[in-house]
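Reading the structure
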Amino acid sequence: MADDLNDVTDESSESSEALIAVHWRDEGYYPPPAKFVAQANASDPAIREQFTEDKYPDCFTAYADLLTWYKKWDTVLDTSNAPFWKWWVGGELNASYNCVDRHLETHPNKAALIWVPEPESEVHQAITYRELYVRVNEFAAVLKDLGLKAGDRITFHMPMVPELPVAMLAAARLGIVHSQVFAGFSGAAAGHRIADSGSTVLVTVDGYYRSGDLLDHKVKADEAVETAAKEGQQVDKVLVFRRYPGQYSAKTPMVEGRDVFVDDLLAAHKGEIVEPAHLQATDPLFLMYTSGTTGRPKGCQHSVGGYLSYVAGTSKYYQDIHPDDTYWCLADIGWITGHSYIVYGPLALGTTSVIYEGTPNYPDAARPWRIAQQLGVNIFHTSPTTIRMLRKVSPDGPKEFDIHFKHMTTVGEPIEPEVWRWYFEKVGKEEAVIVDTWWQTETGGFLGSTLPGIDPMKPGSCGPGALGIYPAILDEDGNDVPAGSGKAGNIIIRNPWPGVFQTIYGQPERFVSTYYAKYNQDPQSKDWRDWPYFAGDGATQAADGYFRILGRVDDVINVAGHRLGTKELESVALTVNEVAEAAAVPVIDDIRGRVVEMYVSLKPGYEPSPEIEGKVRDAIVTDIGKIARPKNIWIVPDMPKTRSGKIMRRVIAATSNFADTGDITTLANPEVVEKIRQQVQSAKVAKGEVPRELSEIELNEIKSFGSE
C-alpha cells in the first residue's frame, strides 16, 4: 500500500485532468517504395498546395469532378444552418449511375465484384459491370413495384454476399435511403434500427456460411419484425434472397403474406431497366447506425453528393485505386468501411472489388493468402483486429505465397507499432506501402493518413490530416495542445468536409450536443470556424505534424488524476514476445479512483506463467511508469470478441469489477466469458479482493467502457 501511495505522489503531478498522459517514444520513418511512387495517383507534393486552408472549400471540387453530374452545383458549401452542413447545393446526380452505368462505355466486361464463398469447394463469382447493371436494375424494379420511392427508408440485414451491394445500388438508384445492419447483430438490434428509421421493408437472406457452418439467418428477420412492432413500426414485407438458387437454406419457416423470395419477384422484372433518379446532392443516400451499450442507436445520415465525392477522392489518392487494380477490403459492408471502401469508393472509380463471405481464418490462417494469390489482389485493406489475429495464428504471414501487394491499408482503430512492423515485413514483404487511416462512421471517409506516394510511413501514427482536413488537439478546457509538446488531448477537425454526416436521423439535438457543442462558443454562428467537430478520440501530435490516435476518450483510465490511454498500455504489452493480444481495463479502487488491469492472450506454443506476467508488468513500468503498473495481469485462453473480431473490453472490465457482463449472445465466442469470469474472480477472492457494491455512475462507466 505504501508503494502505491508513493507512486501517486511521485507521478500524479505529471499531468492535469485536462490532458491525457503519453509516454510513447517517437518511431522512425519508412519511405514509400520507389516502384509504388512511380505509379501513384498522387506523387507530387504540390497536391497539398491545392488543399490549403486559403483554397477551402473550393479545393474539394477536385473530388466532385471525379463524378458524373446531371447538373452542377450552385454552392460548394452552405453553412446557413450550422452545423448541419450542405455540400454541392443545387447539384444533381445519382450514386448508382456513378458506380455502375457510366462504366459501361469503357469496360462493361470487367469484373466489378468478385465474390468468394467461404466453402473452398464453391467457385468464385465474378460479376461484370454489365451484369451488375442488369442485376441492380432488376432489383430496383422490384423495389419500385413494392411502392418504395425516393426518401423512403429500407433496412438490409445481410451478410457478405453479392446481393448486398446489388440491393444498396438498387435503392440508391431510386433515392430510397438504405440502412444496412451488420449480419452478426441480433434480430432485436436490426429491429431497433428498423423502428428508428421507419422502414416498412426488410431485406435479408435465408442463410450464409460462417466458420464452416451454414447459419440460419432468416430466424433473425422474425425477431427483427417482432422487435420493430413492439416499438410501433410495422414491417409489411420481408424480402429473402436465397444462398442457393431454388433451395431454402433456413429452418425458420417463411411467413405467408409477409415473406417472399426475391428470385420469385425478379422473375416478373427480367431485363427491366429503371432510369436512375436525378437526386439533389444534399438528399440522403444511407443511414449507418452506431451503437453504444445503452440508449437509442445513432443513425448517421450521409448525403448523395458530399459522401460519394469524398469516398471517390480518398479512394483515388489514399487507397491509390486505379481501374485495373484488384482491390480487396477484408471488412464487412455492415460497417462504414465496407460502404465507403468496398462498394461506393472503388465502384465509383471503376475498379474490381473483392467480397469474401466468411471468416479470415477459416479453414486455416492461410485462407486470406490463398484468396489473394488466386485473384491477383494488389491492394489489401483490413483492420488491426484482423492483423493481430493473423499475426497470432500465422506468424510468418504469406511467406510461401506468390503475393505482392503494392498497397495495404489498416482501418478501424489505432495499430500498435509492433503489429504495424509485422504487417509491413511479413504481409507486405517490405514491398508495399501502408496507409494507416483514422476516421469514423460519422466522417464517411479518411480524416488522418499519409499520402502513400508522398509521405514516409511511421509505425503507430496515422499521419497528418488528409487533404482539405484541418485537425487540431485541444485539452478539456479548449486550449491548443501544441505539436511536439509530448502531451495529448482531444483531436478535433476545425472545418467541415464533404464526407461528414448530415445529422443523426430523427435526433438533430443529439447531433449538435455530441459532435459540435463541446467547443462551440457561439451557437448562433454561421461561420464554420466556430463549429469544430469533436471526434471523441484522444490523440497526440509529433513535431513533424503526424497524429497518433490513442483511442476513445471514454476509454482513458484515470489513475490518481493521471489519464492513461488504453491503446498505449496495450501497445507496450504487445512488445512482449509471447503476447498475441492485450486489453487494458479500469478497476474501481478506493485510493486511486481507478487502477489498471491487463488481460493478455499468448501466441501458439506458449503457456501461461508468472514469468510472462512479470515481463508484461516490467514493460509497462519501464515504458510508461509506476503509475501505470497493473494491479493484476490475467493470461486468458482467448479474449471475448465480436463477430468482427473486436475485443469486447466492457465484458472483461465488468468481470474485473464483479459487475454483470450484460448481453453476450452476439459474441463470436460467448463461452469464453464464463471461463474468464471463474479464473479472474476466484483468484481475486483468494487474494482477499472482496467485491464491493458499485454506484450507478461507476456501473455505467464499466458498462460503457470500450463500447463502439
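Residues numbered from 1 in each chain as written. Predicted model: local features only at pLDDT ≥ 70, side-chain atom pairs only at ≥ 80, totals over all residues. Heavy atoms only, no water.

1. Examining the overall build of the chain
Helix and strand counts for the chain stand at 20 helices and 30 strands. Here the C-alpha radius of gyration of the chain, 25 Å, is about what a compact globule of 708 residues would show, namely 27 Å. Considering only C-alpha atoms, the chain reaches an extent of 80 × 60 × 55 Å along its principal axes. When burial is assessed residue by residue, the chain has 65% of its 708 residues classed as buried. At a minimum sequence separation of 6, the contacts of the chain that also span at least 24 residues come to 73%. Here the chain has roughly 25600 Å² of accessible surface; of this, 49% comes from carbon and sulfur atoms. Across the chain, the mean location of the 69 positive side-chain charges is 2 Å away from that of the 97 negative side-chain charges. (Helix = DSSP H or I, 4+ residues; strand = E, 2+ residues; numbered from the N terminus. Rg over C-alpha atoms; globule rule 2.2 N^0.38 Å. Buried < 20%, exposed > 50% of the residue type's maximum accessible area, 1.4 Å probe, protein only. Contact = heavy atoms within 4.5 Å. Areas by Shrake-Rupley, 256 points an atom, 1.4 Å probe, with all protein chains shown as cover. Lys, Arg positive; Asp, Glu negative; His and termini not counted. Charge placed at Lys NZ, Arg CZ, Asp CG, Glu CD.)

2. Focus on the pattern of salt bridges
Should their charged atoms come close, side chains of opposite charge can pair. The final tally for this structure, using the stated rule, is 40 salt bridges. Asp259 serves as the salt-bridge partner of Arg258, at 2.6 Å between the closest nitrogen and oxygen. Arg258 gets classed as buried once you look at its relative accessible area, which sits at 14%. The shortest N-O distance in the salt bridge between Glu416 and Arg388 comes to 3.1 Å. Taken together, the positions of Glu416 in the loop between strand S19 (407–410) and helix H14 (417–427) and Arg388 in helix H13 (residues 384–393) put the pair 28 residues apart, joining distant regions of the chain. Through salt bridges with shared partners, one network takes in Arg388, Glu416, Lys567, Glu570 and Arg649. (Salt bridge = Lys/Arg side-chain N within 4 Å of Asp/Glu carboxyl O.)

3. Quick look at empty space enclosed by the protein
Per the stated rule, a full pass over the model turns up 4 cavities of 30 Å³ or more. Lining the largest cavity, in full, are Gln180, Val181, Phe182, Phe185, Arg193, Met288, Tyr289, Gly334 and Trp335. Contributing elements (two or more residues each) for the lining of the largest cavity: strand S7 (177–182) and strand S14 (284–290). Considering each element in turn, the lining of the largest cavity owes the most residues, 3 residues, to S7. Across the lining of the largest cavity, the residue classes tally to 6 nonpolar, 2 polar and 1 charged. (1 Å grid on protein atoms, 1.4 Å probe; cavity = no way out; pocket = protein on both sides within 12 Å on 5 of 7 lines; lining within 4 Å. Points joined across faces, edges and corners; volume = space filled by probe spheres on them. Nonpolar A, V, L, I, M, F, W, Y, C, P; charged D, E, K, R; others polar.)

4. Focus: the sheet that holds strand S28 (residues 579–589)
Strand pairing in a sheet relies on backbone hydrogen bonds, with the paired strands running either antiparallel or parallel. Across the sheet, 3 strands lie side by side as S28-S29-S30; this open sheet has mixed pairing. Pairing within the sheet leaves two strands with one partner each, and these edge strands are S28 and strand S30 (632–635). Direction aside, the axes of adjacent strands within the sheet are offset by 25 degrees on average. In the sheet, S28 pairs with strand S29 (residues 593–602) via 10 bridges, with the strands oriented antiparallel. Paired with Val579 across the strands is Leu602, a residue of S29. Its contacts with the sheet put helix H16 (residues 566–573) on S28 and S29, and the angle it makes with S28 is roughly 135 degrees. Across the sheet, helix H17 (residues 610–623) is in contact with S28, S29 and S30; its angle to S30 comes to roughly 135 degrees. (Pairing = 2+ DSSP bridges. Axes fitted to C-alpha atoms, helices over the stretch in contact; angles between N-to-C directions.)

5. Topic: the pairing of strand S21 (residues 471–474)
Judged by which residues are buried, S21 turns out to be covered on both faces: Pro471 and Ile473 on one side and Ala472 and Leu474 on the other are all buried. Two elements, S21 and strand S22 (residues 488–493), share 4 bridges in a ladder whose sense is antiparallel. Opposite Ile473, over in S22, you have Ile491 as the bridge partner.

6. A look at the environment of Pro117
Take Pro117: it is sitting in the loop between strand S4 (111–116) and strand S5 (125–128). Since its relative accessible area comes to 1%, Pro117 is described here as buried. Sequence spacing of Pro117 and Trp634 is 517 residues, and the spatial spacing of their C-alpha atoms is 37 Å. Ignoring anything within four residues of it in the chain, the contact list for Pro117 reads Glu122, Val123, His124, Arg243, Tyr356, Glu357 and Arg367.

7. Things to note about the confidence of the model for the chain
Averaged over the chain, the pLDDT score is 91; the fraction of residues at 70 or greater is 94%. Below a pLDDT of 50 lies the segment residues 1–16, which in the model reaches 27 contacts outside its immediate sequence neighbourhood of four places, other chains included. (pLDDT = per-residue confidence, 0-100.)

8. What about the packing of aromatic side chains?
Two aromatic rings are characterised by how far apart their centres lie and by the angle between their planes. Applying the stated rule across the entire model yields 47 aromatic pairs. With a centroid separation of 5.8 Å and 55 degrees between ring planes, the pair formed by Tyr63 and Tyr310 is classed as tilted. Highlighted residues: Tyr63 in helix H3 (residues 61–64) and Tyr310 in helix H10 (residues 304–317), separated in sequence by 247 residues. Tyr310 carries the same exposure label as Tyr63, and that label is buried. Members of the aromatic cluster, each reached through a chain of ring pairs, are Phe51, Tyr56, Phe60, Tyr63, Trp69, Trp73, Trp87, Trp88, Tyr310, Tyr317, Tyr470 and Trp528. (Phe/Tyr/Trp six-rings, centres within 6.5 Å; stacked < 30°, edge-to-face > 60°.)

9. Overview of the packing of helix H5 (residues 129–145) against helix H6 (residues 163–174)
One can describe the packing of H5 onto H6 by two numbers: an axis separation of 8 Å at closest approach and a directional angle of 60 degrees. Regarding the angle of H5 to H6, the classification is oblique. In this structure, H5 crosses over H6, and the sense of that crossing is right-handed. Two secondary-structure elements touch here, H5 through Leu132, Tyr133, Arg135, Val136, Asn137, Phe139, Ala140, Leu143 and Lys144 and H6 through Glu163, Val166, Ala167, Leu169, Ala170, Ala171, Arg173 and Leu174. Of the residues assigned to the contact of H5 with H6, the class counts are 12 nonpolar, 1 polar and 4 charged. (Parallel < 35°, antiparallel > 145°, perpendicular 65-115°, else oblique. Left-handed = near helix turned anticlockwise from the far one by under 90°.)

10. Description of the sheet that holds S19
Strand order in this open sheet of 7 strands is S5-S4-S17-S16-S18-S19-S20, and the pairing throughout is mixed. On the outer flanks of this sheet lie S5 and strand S20 (433–436), each paired with one strand and no other. Going across the sheet, the axis of each strand differs from the next one's by a mean of 20 degrees, ignoring polarity. Two strands pair when backbone bridges link them, and strand S16 (residues 326–329) and strand S18 (residues 379–382) are joined in this way by 3 bridges, in the parallel orientation. Residue pairing for S18: Trp328 is matched across the bridge by Phe380. Docked against the sheet, H5 engages S4 and S5, running at close to 80 degrees with respect to S5.

11. Thoughts on the pairing of strand S15 (residues 298–303)
Counting buried positions along S15 yields 6 of 6 residues, so the element is predominantly enclosed. Across the two faces of S15 the burial is the same, with Lys298, Cys300 and His302 and Gly299, Gln301 and Ser303 all buried. Judged from the 6 bridges that link them, S14 and S15 form a sheet pairing that is antiparallel. Following the sheet pairing, Met288 is matched in S15 by Cys300. As paired strands, S15 and strand S23 (residues 503–504) are joined by 2 bridges and run antiparallel to one another. Pairing of Gln301 across the sheet is with Thr503, part of S23.

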